Amino acid sequence: MDREDEAAVNLITTLVEVRDSDVADGLPTMDEAVERWLAATTTLAYAAHLCTERPLGPADIRLSRRLRNQIHAIQPCWPYVASAVLADELRAWIELKRPLLRLPVSHGGV
């Protein structure tokens, strides 16, 4: 079963794929889907902390990787977000994508 954040990412990518078809009728709006992801993921402040804190432990490395992958997957939805506030928040997340997994990281005793 998907975690809530992964389910929200899957919904967003589906909405991007079907946005120009009749299949989108009855599905949540892009704004609703982005709000679901924002509610299900960590805070933007903690994600920014992951970009600067070194070394990262194994759990934070996994979280950084998951966030980077999710941001990469949902980035194409940005032009379809109607709310300026949500678009600005999504843009802030997109700006974190690149620095999320900068080295060095702790290898946890490996």
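Everything below is about the structure shown above.
From a predicted model like this one, the values you see are computed outputs, not experimental measurements.

Engineer: Could you clarify how one ought to interpret unusual backbone geometry in this entry?
Structural biologist: When glycine is set aside, most residues are seen to have a negative phi, and most peptide bonds are trans. Here arginine 54 and proline 55 are connected by a cis peptide whose omega angle stands at -5°. Here proline 55 lies in the loop between helix H3 (44–52) and helix H4 (58–74).

Engineer: Is there a simple way to think about H4 in this case?
Structural biologist: Every α-helix winds through 3.6 residues per turn, so residues three or four apart in the chain are directed the same way. Given a rise of 1.5 Å per residue, 17 residues ought to cover 24 Å, and the 24 Å separating the end C-alpha atoms of H4 matches this to within 8%. Listed as buried for H4 are Ile61, Leu63, Ser64, Leu67, Gln70, Ile71 and Ile74. Considering only its buried residues, H4 is in contact with helix H1 (4–18), helix H2 (30–40), H3 and helix H5 (84–96).

Engineer: Hey, could you run me through the side chain of glutamine 70 in this one?
Structural biologist: Mapped onto the elements of the fold, glutamine 70 is located in helix H4. Judged by its relative accessible area of 5%, glutamine 70 falls in the buried class. Looking at glutamine 70, its side chain comes within polar contact range of the side chain of aspartate 5, at 3.0 Å. Those residues in contact with glutamine 70 that sit more than four places away from it in its chain are Asp5, Glu6, Val9, Trp37 and Thr41.

Engineer: I would appreciate a short explanation of the packing of H3 against H4 in the present structure.
Structural biologist: Think of two packed helices as two axes; the pair is described by the angle between the axes and how far apart they sit. It is at 11 Å that the axes of H3 and H4 come closest, and there the two elements cross at 115°. When the axes of H3 and H4 are compared, the pair comes out roughly perpendicular. In this structure, the crossing between H3 and H4 has a hand that is left-handed. Packed against H3, whose contacting residues are Tyr46, Ala47 and Leu50, the element H4 presents Asp60, Leu63, Ser64 and Leu67 at the interface.

Engineer: Where do I start with the side chain of aspartate 5 in this structure?
Structural biologist: Considering the arrangement of structural elements, one finds aspartate 5 in helix H1. By relative accessible area, aspartate 5 is classed as buried at 4%. Discounting residues that sit within four places of it in the chain, aspartate 5 has contacts with Trp37, Ala40, Thr41, Arg66 and Gln70.

The rules we used
Residues numbered from 1 in each chain as written. Predicted model: local features only at pLDDT ≥ 70, side-chain atom pairs only at ≥ 80, totals over all residues. Heavy atoms only, no water. Helix = DSSP H or I, 4+ residues; strand = E, 2+ residues; numbered from the N terminus. Expected span 1.5 Å × (residues − 1). Buried < 20%, exposed > 50% of the residue type's maximum accessible area, 1.4 Å probe, protein only. Contact = heavy atoms within 4.5 Å. Polar contact = N/O pair within 3.5 Å; in protein donor to acceptor, adjacent residues only side chain to side chain. Axes fitted to C-alpha atoms, helices over the stretch in contact; angles between N-to-C directions. Parallel < 35°, antiparallel > 145°, perpendicular 65-115°, else oblique. Left-handed = near helix turned anticlockwise from the far one by under 90°.

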